[in-house]
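Descriptive structure summary
These are the residues of each chain, in order.
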Amino acid sequence: MEDNKTTRQVVKYTFYKLDALAFLRLPEEKQRAAKLDLIDTVRTFNRRMLLRSYTLVGMRSDVDFLLWTVAEDVEPVQELETAIRNTALGPFLDVPRSFLSGTKRSIYDISLPEDSEKVDAEARIRIEPSGSKYLFVYPFIKTRAWYALSREERQEMMTEHIRVGRQYPNVRLNTTYSYGIDDQEFVVAFEGDDPHEFVDLVADLRLTQASMYTLRDTPMHICLAMPLGEVMDSIGGAHVSDLVDEDVTEVGGWLPVAQEDELAPESSRLVYYGTQQVALFRANGGLYALNNRCPHARGPLCEGTLSANGHGPAVRCPWHEAHFSLETGEVLDGPSPRSVETFRVKVEDGTVFIARGEVE
């Protein structure tokens, strides 16, 4: 049984296919209304989960676009799919493929002997998508023979595997686990900006000893990151991206994230701001919001310890001893190499809003 205090996450990759033959026969005004309905519906989930959209049009024939979602529980993921089915575009969408998984601490030592500092496997428990242009996604299953090996044998092969991956620092790996909740054992999702670099990485990984124990690693998907309005344009039919206002999370505007009465004094909770995980605090009589990732090792600040000293209210990272000011995000002490981003906070009619940067 996994013993850690850090909240694990539910991760879902949902691939959609448009019934283009039926949809493109609709009048343009109905096409446009259906796309806008889906965009508006998906945006209502911004405060409940991390959500990123990608097109696969022109890259695969069996799926058209992907929604990558990360949440604390299964329920928001299920509710999002129900909401999408109830949009005007829903009757024209099929889900040929989806992968459900969860985060988990790796059972292997993911550090290399030559590393100057140990890599913290705890970081695997929280998913934080980067701003990369491409996402490469595939399910992964090991052979039964792999599990019959000793842990030492598997660790040796994983060390070789990790060493190859380190040769491609611009390709970022997100591994999540599907044991018992979906057909695959893992879902592998790499982020990067150069498809050729990813081809070279996978080719090199094929030469490792661990690859001999791969039972299945298909279908593979290359997904191009786009705002949802542009994704809708990519599937064909009436254009809508020029009609869609930028989401508040894209322009730095105010987003409702919680009700004020949900926050007890001297408490915290995790909220979402588009693709950002934000730690919302009620401390020392005020409300504060920081990026949830400690810059030192990506520890979840929403699970940290609150304190107050001569610098005002502060939070200590639950993984290490870094302390941050809730007011400024400044590092007060500890190993963090830099401050953490702060968000503006306001309350209107009992609803807590947060925003990035300067807004009206």
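Residues numbered from 1 in each chain as written. Predicted model: local features only at pLDDT ≥ 70, side-chain atom pairs only at ≥ 80, totals over all residues. Heavy atoms only, no water.

Topic: the packing of aromatic side chains
How two aromatic rings sit relative to each other is given by the distance of their centres and the angle of their planes. Quick reminder of the rule: Pairing of aromatic rings covers Phe, Tyr and Trp, the last counted by its six-membered ring, and requires centre-to-centre distances within 6.5 Å; plane angles under 30 degrees mean stacked, over 60 mean edge-to-face, and any other angle means tilted. When a residue's accessible area, from a 1.4 Å probe over protein chains only, is under 20% of the maximum for its type it is buried; when over 50% it is exposed; and in between it is partly exposed. Runs of E in the DSSP output that reach at least two residues are strands. Runs of H or I that reach at least four are helices, and both are numbered from the N terminus.
Under the defined criterion, the tally for this structure stands at 15 aromatic pairs. Consider the rings of Tyr179 and Phe186, whose centres lie 5.6 Å apart with planes at 70°: the pair is edge-to-face. Residue Phe186 is classed as buried on the basis of its relative accessible area, which comes to 13%. Between Tyr273 and Phe343 the ring centres are 5.7 Å apart and the planes differ by 65°, which places this aromatic pair in the edge-to-face class. Taken together, the residues Tyr273 in strand S11 (residues 267-273) and Phe343 in strand S18 (residues 342-348) connect sequence positions 70 residues apart. With respect to class, Tyr273 is no different from Phe343; both count as buried.

Examining the environment of Glu79
Here is the rule we go by: Note on contacts: a residue pair is in contact if any heavy atoms of the two residues lie within 4.5 Å. Polar contact criterion, stated in full: a pair of N or O atoms within 3.5 Å, where within protein one must be able to donate a hydrogen and the other to accept it, and residues adjacent in sequence count only if both atoms are side-chain atoms.
Note on placement: Glu79 falls in helix H3 (residues 74-85). Linking Glu79 and Phe45, residues 34 residues apart in sequence, is a C-alpha distance of 9.2 Å. Aside from chain neighbours lying at most four places away, what touches Glu79 is Phe45 and Arg48. Side-chain polar atoms of Glu79 contact the side chain of Arg48, separated by 2.7 Å.

Side note on the pattern of salt bridges
The line we're drawing: Salt bridges are identified by distance alone: a Lys or Arg side-chain nitrogen within 4 Å of an Asp or Glu carboxyl oxygen.
Tallied over the entire structure, the rule returns 13 salt bridges. Glu28 is the partner of Arg32 in a salt bridge, and the nearest nitrogen-oxygen pair spans 3.5 Å. With Arg32 and Glu28 both in helix H2 (residues 28-43), this residue pair falls 4 residues apart, about one helical turn. Among the residues examined, Arg32 registers a relative accessible area of 26% and is labelled partly exposed. Look at Glu28 and you get partly exposed, because its relative accessible area is 48%. With its nearest N and O atoms 3.1 Å apart, the salt bridge here joins Arg43 to Asp247. Separated by 204 residues along the polypeptide, Arg43 in helix H2 and Asp247 in the loop between helix H7 (228-234) and helix H8 (248-251) bring together distant segments of the chain. Take Arg43: its relative accessible area is 26%, and that puts it in the partly exposed class.

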